[in-house]
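# What the coordinates show
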Amino acid sequence: MSVDTLTHSAHGAGDYNASESNWAGAKSPFKTSYGKIMIWYFLLSDAFTFASFLIAYGALRFSSPSWPVPDFVFSTAPFGIHNLPIFGGKAPLIFVTFMSFLLIASSVTMVRAVQEGHRENKNGVVFWMILTIIGGLGFLGCQAWEWANLIGKEHMTITTDPFGTYTESGTYLNEDGTLSSETFEAGEGYLLHKIGAGHGDDTGHASPYHKAGNYPGAVVDDKGFIHRKYKTADGVVKSQAFGPKAFGALFFFITGFHGFHVFTGVIFLIIICINVASGLYMKRKNGHEMVEKMGLYWHFVDLVWVFVFLAFYLL
Amino acid sequence: MGNLSYEDSIKRVYFGLKLLAAVTLIEVLISLAGKGHIGFLKGLTNYKWFLILVGLALILFSLYKAYFIIYEFMHMKYETPGLRWSVLLPMGLLIWAIIAFFNEGSAWGNARAEYKSHTTEEQKLPTIYPVGESPTKASDELELPLDVHEPKH
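Computed from a predicted model, the values in this text were never measured in an experiment. (Residues numbered from 1 in each chain as written. Chains lettered and ligands numbered in written order. Predicted model: local features only at pLDDT ≥ 70, side-chain atom pairs only at ≥ 80, totals over all residues.)

### So, the overall build of chain A
Note the following rule: Secondary structure is summarised from DSSP: a helix means a run of H or I of at least four residues, a strand means a run of E of at least two, and numbering begins at the N terminus for each. Contacts here follow a simple rule: the backbone-placed C-beta atoms of the two residues must lie within 7 Å.
A tally of regular secondary structure across chain A gives eight helices and eight strands. In chain A, the proportion of contacts linking residues at least 24 apart, taken out of those at least 6 apart, comes to 63%.

### Here's the deal with the overall build of chain B
Short version of the rule: Partly exposed residues are those falling between the two cut-offs: more than 12 but fewer than 20 other C-beta atoms within 10 Å of their own, whereas 20 or more means buried and 12 or fewer means exposed, with C-beta atoms placed from the backbone.
Helix and strand counts for chain B come out as five helices and zero strands. In sequence order, chain B lays out its α and β elements as α-α-α-α-α. Each of the 153 residues in chain B was classed as buried or not, and the buried ones make up 18%. The contacts of chain B with a sequence gap of at least 6 include a subset with a gap of at least 24, amounting to 53%.

### Examining the environment of A:Leu54
All names here are of chain A. Of note, Leu-54 is situated in helix H2 (residues 34–63). Owing to 20 C-beta atoms within 10 Å, Leu-54 belongs among the buried residues under this scheme. When the C-alpha positions of Leu-54 and Ala-311 are compared, they lie 7.4 Å apart, and in sequence the two are 257 residues distant. Not counting residues up to four positions away in its chain, the partners in contact with Leu-54 are Ile-254, Phe-307 and Ala-311.

### Examining the nonpolar core
Residue and element names in this part refer to chain A. The following threshold applies: The nonpolar core criterion groups buried Ala, Val, Leu, Ile, Met, Phe, Trp, Tyr and Cys residues into a set whenever they are joined through C-beta atoms within 7 Å.
Val-291, Val-308 and Phe-309 are the most contacted members of the largest nonpolar core, which has 84 residues in total. Per-element accounting of this core gives the leading share, 18 residues, to helix H8 (residues 289–314). Phe-309 has contacts with Val-96, Ser-100 and Leu-314, leaving out every residue within four places of it along the chain.

### Here we look at the environment of A:Phe101
Mapped onto the elements of the fold, A:Phe101 is located in helix H4 (residues 94–118). Separated by 34 residues in the primary sequence, A:Phe101 and A:Gly135 place their C-alpha atoms 9.5 Å from one another. With residues near it in sequence (within four places) discarded, A:Phe101 still touches B:Ala21 and B:Thr24.

### Quick word on the packing of H8(A) against helix H2 (residues 48–73) of chain B
Our working rule: Axis angles are defined between N-to-C directions and span 0 to 180 degrees, where every axis is a line fitted to C-alpha atoms and, for a helix, only to the segment in contact. What sets the label is the angle itself: under 35 degrees gives roughly parallel, over 145 gives roughly antiparallel, 65 to 115 gives roughly perpendicular, and the rest give oblique. For this classification, the nonpolar set comprises Ala, Val, Leu, Ile, Met, Phe, Trp, Tyr, Cys and Pro, the charged set comprises Asp, Glu, Lys and Arg, and every other residue, Gly included, is treated as polar.
In contact at an axis separation of 9 Å, H8(A) and H2(B) are set at 175° when each is read in the N-to-C sense. As far as their axial angle goes, H2(B) and H8(A) are roughly antiparallel. On the side of H8(A), the interface is formed by A:His299, A:Asp302, A:Leu303, A:Val306, A:Phe307, A:Leu310 and A:Leu314, while H2(B) contributes B:Leu58, B:Ile59, B:Ser62, B:Lys65, B:Ala66, B:Ile69, B:Ile70 and B:Phe73. Counted by class, the contact of H8(A) with H2(B) contains 11 nonpolar, two polar and two charged residues.

### Thoughts on unusual backbone geometry
Of note, A:Glu120 is a non-glycine position whose phi angle comes to about 55°, a positive value. One can find A:Glu120 in the loop between H4 and helix H5 (122–153). In this structure, B:His75 takes a positive phi of about 60° despite not being glycine. Following the sequence through the fold, B:His75 ends up in the loop between H2 and helix H3 (81–118).

### Quick notes on the interface of chain A and chain B
Every contact between the two is made by 63 residues of chain A and, on the other side, 60 residues of chain B. Ranked by the residues each element gives to the side of chain A that touches chain B, the list is headed by H2(A), at 12 residues. Tallied by class, the residues present in the side of chain A that touches chain B amount to 34 nonpolar, 18 polar and 11 charged.

### Comments concerning the confidence of the model for chain B
Residues and elements named next belong to chain B. How we decide: Per residue, pLDDT measures the predictor's confidence, with a range of 0 to 100.
Averaged over chain B, the pLDDT score is 80; the fraction of residues at 70 or greater is 75%. Per-element mean pLDDT across chain B ranges from 46 in helix H5 (residues 138–142) up to 93 in H2. Taken as a whole, residues 136–153 scores under 50 in pLDDT and shows 40 contacts with residues more than four places along the chain or in a different chain. Under the prediction, the complex receives an ipTM of 0.83, its pTM being 0.83.

### A closer look at the packing of H2(A) against helix H6 (residues 246–277) of chain A
All names here are of chain A. The cut-off we apply is this: Definitions for this section: a left-handed crossing has its near helix turned counterclockwise from the far helix by less than a right angle. A right-handed crossing has that turn clockwise.
Interhelical geometry of H2 versus H6 gives an angle of 165° and a closest axis separation of 11 Å. In terms of orientation, H2 and H6 fall into the roughly antiparallel class. In terms of crossing hand, the pair formed by H2 and H6 is left-handed. Across the interface between the two elements, Phe-53, Leu-54, Tyr-57 and Leu-60 from H2 touch Ala-246, Leu-250, Phe-253, Ile-254 and Phe-257 from H6.

### Section: H2(A)
For an α-helix, the turn length of 3.6 residues means that residues three or four places apart are oriented alike. Rules: A helix is expected to span 1.5 Å for every residue after the first.
For H2(A), with 30 residues, the first-to-last C-alpha span of 44 Å sits near the 44 Å given by 1.5 Å per residue. Among the residues making up H2(A), those that are buried are A:Trp40, A:Leu43, A:Leu54, A:Ile55, A:Tyr57, A:Ala59, A:Leu60, A:Arg61 and A:Ser63. Of the surrounding elements, those touching the buried residues of H2(A) are H6 and H8 of chain A together with H3 of chain B.

### Focus on H5(A)
Residues and elements named next belong to chain A. Taking 1.5 Å of rise per residue, 32 residues should cover 46 Å, and H5 covers 46 Å from first to last C-alpha, within 8% of that figure. For H5, the set of buried residues is Val-125, Trp-128, Met-129, Thr-132, Gly-135, Gly-136, Phe-139, Cys-142, Glu-146 and Leu-150. Lining the buried residues of H5 we find H4, H6 and H8. Two residues or fewer after H5 comes His-155, characterised by a positive phi angle close to 60°.

Okay, structure coming up:
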């Protein structure tokens, strides 16, 4: 319906002046373009999706008597950085902190690209967008390493979680079934190792077990996981259990969904960067609005990471 | 942006970079302190109030980061109140979903513990086989993590 017909019909209704009403159309109540409003509502719906995943994570974590300790699960870094003298084998959260910095930095370069877009500075936009793409690819590379390490070295899958947490303190048994001097406390994390595989933490000593069975010091299950035996304070002998099954599924699904957003973002950044370079948005003379909308999406990806980081790594 | 000059808005962006990096670093330090990785604070991790304080601080810092990203980087500050409300108010409704589902989660946990307390002692104990005897289906029994630890009451 055009403004003219509306005004015309409004005349019939008496002294109603349509041109002063926000509801008559032809005027933006939000004083912004259609595209920007819609990207905001897209992001809102996407935020609901992520929120429902993270709430599911929280509900399952609350329902579980124990949960893998994040500073134990995420304590390795590439190139053996965690083995440097300052870390001494464990670098809790160091690598994911670096990943967070990468994403924050790429968000900042995106803001710079949007600013240059407002000034119609084509080369500036391309320069800052390329830096943003590099940041996004860097983040994806880090995530690939993290996943490869968890799957390949530590044998975590969506149904198997080798990271457990003790709910009571105890003492490990030796290979011959006698009490060892190694003790642990409630709340400490452990990783079930596999026979015939190097340890996830690169200590590299060979496993004494070669096939499934019940040994004096451990139980080796059909999948090859070694469940060490321990004696609790009450004198009961138990074997290490798997961690909560839901952990692997939630971790891979939520970080995977976020990573997929980053990946999609990088693809779109590349497309829009090419369009900017071709001068397409210069012709539109709207201050590179497409770059601004891309920026909104990219900041959203950073925003989601703030909460993924909080739920999986910090808390 | 808004009424800032070009130079001022660039300065503001780099201020944002430093701020977000600093807040992230503080968050990681708080988290590590809460897990007992920071020597002189290790003793405090035995107290429940300290862990609650750590959790609250982490959530507040994360919310601050979210606020900063939305208001500064995404320019929500410069949008009309109408747009601001229409996007942020629905997010506010999630607070109830969080409270309700976390409550629900602990109810699942309690129900499971309740169920276990009614099962026999034999069922509660984990897979411990006599020495030398090999389990037929060890993986089946060991796969259920919640069966191994006695529930807390």
